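Structure assessment
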Amino acid sequence: MRFLLSLLAAMASSLVLGLGSAWYMIAAPRTGTIDVGTWQALPTIDASTADPYVRARIARSGEIGMGGGEGLVFVTGVDGRGDSLSATCDYRLSGRSPTARLWTLTTEGEGRRPGLTPEGRAHLDNRNLLRDGDGRFLITLSTRARPGNWLPAPAEGTYTLVLRLYDTPIALASGQLPDLPVIEREACR
Amino acid sequence: MIGRAILWLLGVVMTAGIVHIVTVFGVPGHATNDPWEEVGKFGPTGVFVAMPRVDGATRTIPGLDPAMAQATCRFVLDQGPIRIKATPPDVYWSLSLYDRSGLHVWGFDNRGAGQKSADVLVADDVQVAQLRENPPEELEDLVIVDWKGREGIALLQVFRQQPSLARETDAALKAAECRPAPLG
């Protein structure tokens, strides 16, 4: 009787552990990511190099990602101090353009919903950005319209910033990490 | 007693490991909303379908850049190679090909294209061999992609650089071709 109970407990625990750890690894990108400051580079989804976790994640989410030859995707859910990005606060992003022919910056809130301006703009990009004489830029991230480079934030909740570099010479594998914008929190409501 | 506990733990960890591996490798085969299915929800196979704008209100494919306008096409090589043609406006654009499971296989952008339009022929080994034997006249202007497998997904993206180009972009996505081009 004790043996049977012990066997049952062992089977139940293995199932919970095995399935739980598999779900954890698949639910979000956990393998092949590279930290760059508070930003995180997502693994590219090339058929030749994708690992089993990437394959399983894509099969479950149905998402279409970027291949290695196309560019890089960086995401961050926190500001420079490590606090979650929240719709109730404004943020200031400053820095220089990372080397890429084109880059786009967007937000992703709950249900992958991007922040939108009243005109329907969801992004900022290096082609339409205001810069100072040294090539530095300043972006304000807020739910309310702001002068200058305004990136609309999702209306509520916490969200993620997504920076996509298209046609970039940056190779993360060789340890050559780009300078990405620094995020500072401004006023909260 | 302690020996038996350690043995029990070891057994649990090893079985959990097996469950973990079987689950991770089993997911792609049993997924019902992988990229192939997702793209199929927007239109038939063998044509480009313009994706709704990524605005959170309309259903679209996860992972697409809101700064881009996109069209996707599921293709099957059974009726011959697939000819993909598009003439997007003179801004950043890219054409990417994904395999049946949604992994990136091949792609180029407007700089790689060199000329202004995209003209690509996706063919499997047998079809490539047939093309070599019996080359069509326009072969020199075509980019041939040697495709492994029978199915794939094409993604055409055009950067929304300025609102004034929106109509031209939409028209180019609508006019983009992704059709079987039978040989001979």
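Residues numbered from 1 in each chain as written. Chains lettered and ligands numbered in written order. Predicted model: local features only at pLDDT ≥ 70, side-chain atom pairs only at ≥ 80, totals over all residues. Heavy atoms only, no water.

Observations concerning the overall build of chain A
The secondary structure content of chain A amounts to two helices and 10 strands. Seen along its three principal axes, the alpha-carbon backbone of chain A occupies a region of about 80 × 40 × 30 Å. Total accessible area on chain A stands at roughly 9200 Å², and carbon and sulfur atoms take up 55% of it. Taken as two groups, the 20 positive and 19 negative side-chain charges of chain A have centres that lie 3 Å from each other. (Helix = DSSP H or I, 4+ residues; strand = E, 2+ residues; numbered from the N terminus. Areas by Shrake-Rupley, 256 points an atom, 1.4 Å probe, with all protein chains shown as cover. Lys, Arg positive; Asp, Glu negative; His and termini not counted. Charge placed at Lys NZ, Arg CZ, Asp CG, Glu CD.)

Digging into the overall build of chain B
For chain B, the count of helices and strands is five helices and nine strands. The N-to-C order of helical and strand elements in chain B reads α-α-β-β-β-β-β-α-β-α-β-β-α-β. Since a compact globule built from 184 residues should have a radius of gyration of about 16 Å, the 22 Å found for chain B marks it as more spread out than a globular shape. Once the C-alpha set of chain B is aligned to its principal axes, its extents read approximately 80 × 45 × 30 Å. In chain B, which comprises 184 residues, the share counted as buried stands at 47%. For chain B, the proportion of contacts with a sequence separation of at least 24, taken over those separated by at least 6, is 67%. Working note: accessible area of chain B is about 9400 Å², and carbon and sulfur atoms make up 57% of it. Separation of charge centres in chain B, based on 17 positive and 22 negative side chains, amounts to 7 Å. (Rg over C-alpha atoms; globule rule 2.2 N^0.38 Å. Buried < 20%, exposed > 50% of the residue type's maximum accessible area, 1.4 Å probe, protein only. Contact = heavy atoms within 4.5 Å.)

Quick look at the state of the cysteines
A complete count under the given rule lists two disulfides over all chains for this structure. Covalently, A:C89 is tied to A:C188 through a disulfide, its sulfur atoms 2.0 Å apart. Torsion about the S-S bond of the A:C89 and A:C188 cystine: about 100°, corresponding to right-handed handedness. Residue A:C89 is located in strand β4 (residues 89-96), and its partner A:C188 is located in strand β10 (residues 182-188); the two are separated by 99 residues in the primary sequence. Residue classification places A:C188 among the partly exposed residues on the basis of a relative accessible area of 39%. Residue B:C73 pairs covalently with B:C178 via a disulfide, S to S 1.9 Å. Measuring handedness by torsion sign, the sulfur bridge of B:C73 and B:C178 sits at about -65° and is left-handed. Separated by 105 residues along the polypeptide, B:C73 in strand β2 (residues 68-76) and B:C178 in strand β9 (residues 177-180) bring together distant segments of the chain. (Disulfide = S-S within 2.5 Å.)

A look at the pattern of salt bridges
If you walk through the whole model with that rule in mind, you get 21 salt bridges over all chains. Of the charged contacts, one joins A:R164 and B:D65 as a salt bridge, the two residues approaching to 3.5 Å between their closest N and O atoms. Placement of A:R164 in strand β9 (residues 160-166) and of B:D65 in the loop between β1 (49-50) and β2 is noted, with the two residues assigned to different chains. A relative accessible area of 2% places B:D65 in the buried class. A salt bridge links B:R59 to B:E38; the nearest nitrogen and oxygen atoms lie 2.8 Å apart. In this pair, B:R59 sits in the loop between β1 and β2 while B:E38 sits in helix α2 (residues 35-40), placing the two residues 21 residues apart along the sequence. Connected through shared salt-bridge partners, A:R57, A:E63, A:E108 and A:R112 make up one network. (Salt bridge = Lys/Arg side-chain N within 4 Å of Asp/Glu carboxyl O.)

Regarding the sheet that holds β4(A)
Within a sheet, adjacent strands bond to each other through the backbone by hydrogen bonds, running parallel or antiparallel. Residues and elements named next belong to chain A. Reading across the sheet, the four strands line up as β8-β7-β4-β10 and stay open at both edges, with mixed pairing between neighbours. One side of each edge strand has no neighbouring strand; the edge strands of this open sheet are β8 (149-152) and β10. Each strand axis lies, on average, 25° off the axis of its neighbour in the sheet, ignoring direction. (Pairing = 2+ DSSP bridges. Axes fitted to C-alpha atoms, helices over the stretch in contact; angles between N-to-C directions.)

Notes on the confidence of the model for chain B
Here chain B averages 91 in pLDDT, while 98% of its residues score no lower than 70. Here the complex is predicted with pTM 0.92, and the ipTM for its interfaces comes to 0.90. (pLDDT = per-residue confidence, 0-100.)

Describing the packing of helix α1 (residues 2-27) of chain A against helix α1 (residues 2-30) of chain B
Here α1(A) crosses α1(B) at 40°, and the two axes come no closer than 7 Å. Classed by the angle they form, the pair α1(A) and α1(B) counts as oblique. Here α1(A) runs over α1(B); the crossing is right-handed. Residue composition of the contact of α1(A) with α1(B), grouped by class: 14 nonpolar, eight polar and no charged. (Parallel < 35°, antiparallel > 145°, perpendicular 65-115°, else oblique. Left-handed = near helix turned anticlockwise from the far one by under 90°. Nonpolar A, V, L, I, M, F, W, Y, C, P; charged D, E, K, R; others polar.)

Observations regarding the packing of aromatic side chains
On inspection of all chains with the given rule, the structure shows five aromatic pairs over all chains. Seen in terms of ring centroids, B:W93 and B:F108 are 5.9 Å apart; in terms of plane orientation they differ by 85°. Their pairing is edge-to-face. Of this pair, B:W93 sits in strand β4 (residues 93-98) while B:F108 sits in strand β5 (residues 104-109), and the two are 15 residues apart along the sequence. This pair shows no difference in class: B:W93 is buried, exactly as B:F108 is. Plain terms: the ring middles of B:W106 and B:F108 are 5.2 Å apart, the flat faces sit at 40° to each other, and that makes the pair tilted. Residue B:W106 is classed as partly exposed on the basis of its relative accessible area, which comes to 21%. Judged by relative accessible area, which is 15%, B:F108 ranks as buried. Among the aromatic residues, those joined into a ring-pair cluster are B:W93, B:W106 and B:F108. Sitting above the plane of the A:Y24 ring, A:R30 keeps its charged end 3.8 Å from the centroid. (Phe/Tyr/Trp six-rings, centres within 6.5 Å; stacked < 30°, edge-to-face > 60°. Lys NZ or Arg CZ within 6 Å of the ring centre and 35° of its normal.)

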